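Architecture at a glance
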Amino acid sequence: MRKKLIAANWKMFKTPDETRDFFREFLPLVSDHERDEILVCPSFVNLPAAVEAAKGSNVAIGAQDMHWEKQGAFTGETSAGMLLAVGCTHVIVGHSERRQYFGETDDIVNFKLKAALEAGLTPIACVGEVLEEREAGLTEDVLRRQCLRAFHAISAKKAAKLVVAYEPVWAIGTGKTATPQLASDAHLLIRGEAAKAFGEEFAGQLRILYGGSVKPENAKALMAEAEIDGALVGGASLDPKSFAAIVKY
Ligand code: 13P
């Protein structure tokens, strides 16, 4: 049985004070929740406040991005070692917004994945097609390419902590959720690519999250799919009640 991971991606929202307010309200709502793992990924400046607020709780804290080098002259960047030092356990890698707006390529995603795994962080590698690709019947090709390149030259042993998130770009922030069946089909394909890269046994244990307009109203149906091992939630994770409702689907 794969334990589900319900993760919040706060994107560029909230200040440290708002982060503390969130946890004050959120933690009591999920304190008895053991069925799933819970993760919150705030922006870099909010990480210390989040780690402090979540200390001793059942909620882990992760970052939304990282650089693949250990240190160096890379203005504005943050390394895996820095994330670990402030108490992060997870990091999102290759989110479609990084790919779309910040020129992140499949190769960069691969470098970041390798560095995160090497450092002992749990990376959540994001893949997903844009609307034009889906409409042109290219979804499978795109997902295969993104997985192949993301997983390149990583051994199954090194990849042990890897988590993948399928986030169809047309479903992000649009209110258009993938149907459970559509998401399930994409997850099967991704699992197949993981089997090619890391072996069947690894693929059987790999957690693949769904992301894209997950809300309290649709979480149950999505999470009921055997292929869906959790959620990566944007907008609906900003409100403590709404994110708790998703966690407790
Ligand atoms: P929304 O839940 O706002 O659609 O965002 C999804 C997402 O991008 C999570 O990483």
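The sections below set out a description of the structure shown in this document. Computed from a predicted model, the values in this text were never measured in an experiment.

1. Overview of unusual backbone geometry
Despite not being glycine, K14 has its phi angle at roughly 80°, a positive value. Residue position: K14 is located in the loop between β1 (5–9) and α1 (16–30). Exposure remark for K14: the relative accessible area of 23% places this residue in the partly exposed category. Residues other than glycine seldom take positive phi values, yet A153 does so here, at roughly 60°. Checked against the element boundaries, A153 lands in the loop between α7 (139–150) and β6 (163–166). The exposure class of A153 is exposed, given its relative accessible area of 60%.

2. Considerations on the environment of R134
Structurally, R134 can be placed in helix α6 (residues 131–135). On the basis of relative accessibility, which here comes to 28%, the residue R134 falls in the partly exposed class. With 34 residues separating them along the chain, R134 and P168 place their C-alpha atoms 8.9 Å apart. What R134 contacts, discounting residues up to four positions off in sequence, is E129, T139, Y166, W170 and L182. In this structure the side chain of R134 is engaged in a polar contact, spanning 2.7 Å, whose partner is the side chain of E129.

Reading the values: rules and limits
Numbers given to residues run from 1 along each chain, matching the order in which its sequence is written. Side-chain atom pairs in this predicted model are given and counted only at pLDDT of 80 or more, local residue features only at pLDDT of at least 70, and totals for whole chains, interfaces and linings cover all residues. Only hydrogens and water are set aside; all other atoms, that is, all heavy atoms of the structure, feed into the side-chain values. Working definition: helices are DSSP H or I runs of at least four residues, strands are E runs of at least two. Numbering for both runs from the N terminus. A 1.4 Å probe rolled over the protein chains alone gives each residue an accessible area, and that area as a share of the maximum for its type sets the label: buried under 20%, exposed over 50%, partly exposed in between. A contact between two residues is defined here by any heavy atoms of the two lying within 4.5 Å. Polar contact is the term for a pair of N or O atoms within 3.5 Å; when the atoms are in protein, one must be able to donate a hydrogen and the other to accept it, and sequence-neighboring residues count only if both atoms are side-chain atoms.

Any functional reading would require information beyond the geometric quantities listed.
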